[in-house]
Amino acid sequence: MLALTLEEFMVELNDGAIKNVGPNNKAATVKLFDVDSAEAREFGDKRVKLVFEDEDDNEIQVSLFPDDVRDLVDQIESLEDDSPVFE
């Protein structure tokens, strides 16, 4: 299931073109639940791309610098040690 929240969002659709309307203060939150597949792969020369997909073919891609990936791995390892989630 993909949940998409858009804030302060208004666009103009004119002859098939989408144009921003108003100030550039838009924000979005995307959540993907019930992920069926997850993978990590190279993205350019300096980033790692994480790709998550659910059974409905909804997909989220996130690119991170290696230090951010290492921080994430450390957080997961801490959860493995301290959280009942991994029991």
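Quick note: structure is the one above.
Remember, it's a predicted structure, so these values are computed and weren't measured experimentally.

**Things to note about the side chain of Ser83**
- Here Ser83 is to be found in the segment after α1 (66–82).
- A polar contact of 3.1 Å, which involves the side chain of Ser83, links it to the backbone nitrogen of Val85.

**Examining the environment of Leu2**
- Counting through the fold element by element, Leu2 comes out in strand β1 (residues 2–7).
- The exposure class assigned to Leu2 is partly exposed, which follows from its relative accessible area of 38%.
- Between the alpha carbons of Leu2 and Leu32 there is a distance of 4.6 Å; along the sequence they are 30 residues apart.

**A word on unusual backbone geometry**
- One non-glycine residue, Glu8, lies in positive phi territory at about 55°.
- Summarising the element assignment, Glu8 is placed in the loop between β1 and β2 (11–14).
- Judged by relative accessible area, Glu8 falls into the exposed class, the value being 57%.

**Here's the deal with the pattern of salt bridges**
- Under the defined criterion, the tally for this structure stands at two salt bridges.
- Here Arg41 and Glu39 are joined by a salt bridge, their closest N and O atoms 3.2 Å apart.
- Note on Arg41: relative accessible area 34%, which makes it partly exposed.
- Judged by relative accessible area, Glu39 falls into the partly exposed class, the value being 42%.
- Between Arg70 and Asp67 there is a salt bridge, and its shortest N-O distance comes to 2.9 Å.

Rules and cut-offs
Residues numbered from 1 in each chain as written. Predicted model: local features only at pLDDT ≥ 70, side-chain atom pairs only at ≥ 80, totals over all residues. Heavy atoms only, no water. Helix = DSSP H or I, 4+ residues; strand = E, 2+ residues; numbered from the N terminus. Polar contact = N/O pair within 3.5 Å; in protein donor to acceptor, adjacent residues only side chain to side chain. Buried < 20%, exposed > 50% of the residue type's maximum accessible area, 1.4 Å probe, protein only. Salt bridge = Lys/Arg side-chain N within 4 Å of Asp/Glu carboxyl O.

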